[in-house]
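Descriptive analysis of the structure
Listed below are the residues making up each chain.
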Amino acid sequence: MTAESCFRIASLTKVLTSAALVRTLRDKGVPLATPVVELLPGLAPDWRADESLTVEQILGQVSGLRESVDAATVTALGDGDGALLEAARLVVRAGNEREPGERWSYYNGNYFLAGSLLAALSGTTFESALRGNLLDPWGLTRTGFDTPAASVTGWNGTTELPLSGYPRTRRPSGGLWSSVSDLLAVGEGLLADRALLAEIGRPRTRSDDPMTYGLGWALGRSGQMYLNGRLPGYRAAMVLVPDRDYVSVALAGQGTALPALARLLSDMQQPLTGDDIAGAVDGFAA
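In this report, we go over the structure that sits alongside the text.

Within the chain, the regular secondary structure consists of 12 helices and 8 strands. Its C-alpha atoms give the chain principal-axis dimensions of about 50 × 40 × 35 Å. Expressed as a percentage of the 286 residues in the chain, the buried residues total 57%. Total accessible area on the chain is roughly 11,200 Å²; 49% of this is exposed by carbon and sulfur atoms. The averaged location of the 31 negative side-chain charges in the chain is 1 Å from the averaged location of its 25 positive side-chain charges.

This is how it looks when you write it as C-alpha cells:
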C-alpha cells in the first residue's frame, strides 16, 4: 500500500457530495435555505415530506424525514440514470416523523436527496456533476465510482472479501473509491476556500442533540471536523482542524481497523487541540 492506493471510503463520500452541492448552490446564487421541493419540482406530486424542508437541513442530517427507505429498497431500483431520483422520491414519499430542525439523526436518505439536487442543478447525472464540480477542479485523479486498478482488497479479520459493486442509487452517501493523497487534497481544497469551509463547519444541530454536526461533518469541541466510513472490509477516517490548517486521513482494507485508525488520528491532532477524540471518531454514526 502507498498514499496512492485506492480504498472504498464509504461515508467519507458525504464530504465530497456536500462540498460539491454547497459549491454549486453558491455558484448559482441559490441559498442553502431554499426548500428542496422547489429545486426538485418533479418530486412534487409524490411529496409527503414537510414542504419547508431545506437543502441545509438534509445536508445537516436534521431533516426529520421518516427513516423507512433502506439499502435493499433503493438497490432494487437498478442502475439507470433515473434511479437516484426515484430513490429520492421514495424518501420524500415516506414523509416526516418530526419537524425539520428538531432533531439530528443520521440517515442516508438525506444524501439520496442531496445527490439528486446536485444532478438537477448541474443538468446531468450525479456522477458527472460530482466530477465536473469537484473531483476535476481539485485534481482528484484517483477518486471515482469505478473500481480502480490500484484498488486495495478488503478483509474482515482473516477473511479476504471479493470485490463487489456498489448500487448507483446509494452513491451520494457512500460509493466512492479514493486514496490518502486525494483525500488530503480534499482537505487542502476546503482549507483554501474559507467561505466554503465556514459554511460546512457551522453547526446545524441543537444543544440537546446527540452530537454537534455541520454539513457532512461531525464537529469537535475545539473546532475539529471529523467522520468515519465503514463498509465490509474497509474503514476510513478523516480529521480537519481548520484554524491550524491541519488535515489527516487514515484508510484501511480491514473491517476491524477503525479503533486503531481513530486512535492514530486522535494522537496526531491532540498536540494541536489538547483533546482526545479517539472515541468520538470511532463512535461516529456512519
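Here the narrative resumes, following the displayed structure.
Time to look at the packing of aromatic side chains. Per the counting criterion, the structure on display carries 7 aromatic pairs. When the centroid spacing of 6.4 Å and the interplanar angle of 50 degrees are considered together, the rings of W104 and Y106 count as tilted. The same class applies to W104 as to Y106, namely buried. When the ring of F126 is compared with that of F145, the centres are 5.8 Å apart and the planes differ by 55 degrees; the resulting orientation is tilted.

Ordered by their spatial adjacency, 4 strands build an open sheet running β5-β6-β7-β8, and the pairing between neighbours is antiparallel. Where the open sheet ends on each side, the last strands, each with one partner, are β5 (218-219) and β8 (246-252). With 7 bridges joining them, strand β7 (residues 234-241) and β8 adopt antiparallel strand pairing. The residue bridging L240 from the neighbouring strand is V247, located in β8.

This part covers the pairing of β8. The buried fraction of β8 is high, at 7 of 7 residues. Across the two faces of β8 the burial is the same, with Y246, S248, A250 and A252 and V247, V249 and L251 all buried. Hairpin geometry of β7 and β8 is characterised by an intervening segment of 4 residues between the two adjacent antiparallel strands and by a positive phi of about 50 degrees at D245.

This part covers unusual backbone geometry. For A10, which is not glycine, the phi dihedral falls at a positive 50 degrees. With respect to the secondary-structure elements, A10 resides in the loop between β1 (7-8) and α1 (13-28). What makes A10 buried here is its relative accessible area of 3%. Here the phi dihedral of D245 falls at roughly 50 degrees; this positive angle occurs in a residue that is not glycine. Note on placement: D245 falls in the loop between β7 and β8. Classification of D245 as exposed rests on a relative accessible area of 53%.

In this section: the packing of α1 against helix α6 (residues 109-122). Between α1 and α6, whose axes approach to 10 Å, the crossing angle comes to 40 degrees. As summarised for this structure, α1 and α6 are arranged oblique, according to the angle between their axes. Where α1 crosses over α6, the two elements pack in a sense that is left-handed. Across the interface between the two elements, K14, T17, S18, A20, L21, T24, L25 and K28 of α1 pack against Y111, A114, G115, L117, L118, L121 and S122 of α6. Among the residues forming the contact of α1 with α6, the class breakdown is 8 nonpolar, 5 polar and 2 charged.

For the rest of this paragraph, the subject is the pattern of salt bridges. A side chain of one charge can pair with a side chain of the opposite charge if their charged atoms are brought near each other. Scanning the entire structure with this criterion turns up 19 salt bridges. For the salt bridge of D245 with R194, the shortest nitrogen-to-oxygen distance reads 2.2 Å. Remark: R194 occurs in helix α10 (residues 194-200) and D245 occurs in the loop between β7 and β8; sequence separation between them is 51 residues. Under the relative-accessibility criterion, R194 is labelled partly exposed at 40%. Residues R221 and D275 are paired through a salt bridge, measuring 3.0 Å at the closest nitrogen-oxygen approach. Taken together, the residues span a long stretch of sequence, with R221 in the loop between β5 and β6 (225-231) and D275 in the loop between α11 (258-273) and α12 (278-283) at a distance of 54 residues. According to the relative accessible area criterion, D275 is buried, its value standing at 5%. By sharing partners, the salt bridges in this structure join D46, E86, R89 and R93 into a single network.

A separate point is α1. With 16 residues, α1 should reach 22 Å at 1.5 Å per residue; the first-to-last C-alpha distance of 23 Å fits that figure. G29 lies just past α1 and shows a positive phi near 70 degrees.

Let us look at the packing of α1 against helix α7 (residues 126-135). The interhelical angle for the contact between α1 and α7, taken along N-to-C directions, is 75 degrees, at an axis separation of 9 Å. Relative to α7, α1 is oriented roughly perpendicular. Along the contact surface, α1 presents L16, T17, A19, A20, R23 and T24, while α7 presents F126, L130, N133, L134 and L135. Residue classes in the contact of α1 with α7 are distributed as 7 nonpolar, 3 polar and 1 charged.

What counts, and at which threshold
Each chain carries its own residue numbering, running from 1 in the direction its sequence is written. Local features in a predicted model are, by the rule used here, given only for residues with pLDDT of at least 70; side-chain atom pairs are given and counted only at 80 or more, and totals for whole chains, interfaces and linings are based on all residues. Excluding hydrogens and water, the side-chain values take into account all heavy atoms of the structure. Under the DSSP-based scheme used, a helix requires at least four consecutive residues in state H or I and a strand at least two consecutive residues in state E, with every element numbered from the N terminus. Any residue under 20% of the maximum accessible area for its type is buried, any over 50% is exposed, and the rest in between are partly exposed; the area is computed with a 1.4 Å probe on protein chains only. In this description, accessible areas are obtained by the Shrake-Rupley approach with a 1.4 Å probe, and a residue is regarded as covered only by the protein chains that are shown. The positive count covers Lys and Arg only, the negative count covers Asp and Glu only, and His and the chain ends enter neither. Taken as the charge location is NZ of Lys, CZ of Arg, CG of Asp or CD of Glu. Aromatic rings from Phe, Tyr and Trp, with only the six-membered ring used for Trp, were paired whenever their centres fell within 6.5 Å, and each pair was classed as stacked if the ring planes differed by under 30 degrees, edge-to-face if by over 60, and tilted otherwise. DSSP bridges decide pairing: two strands pair if at least two such bridges lie between them. Note on definitions: angles span 0 to 180 degrees between N-to-C directions of axes, and those axes are lines fitted to C-alpha atoms, for helices only across the stretch in contact. Should an angle lie under 35 degrees it is considered roughly parallel, over 145 roughly antiparallel, and from 65 to 115 roughly perpendicular; all remaining angles are considered oblique. Crossing handedness: left-handed means the near helix sits turned counterclockwise from the far one by under a right angle, and right-handed means the same turn made clockwise. Here, residues are in contact when the closest pair of their heavy atoms is within 4.5 Å. As a working rule, the residues Ala, Val, Leu, Ile, Met, Phe, Trp, Tyr, Cys and Pro are called nonpolar, Asp, Glu, Lys and Arg charged, and the rest polar, with Gly in that last group. Any carboxyl oxygen of Asp or Glu that lies within 4 Å of a side-chain nitrogen of Lys or Arg is treated as forming a salt bridge with it. In a helix, the anticipated span is given by 1.5 Å times the number of residues less one.

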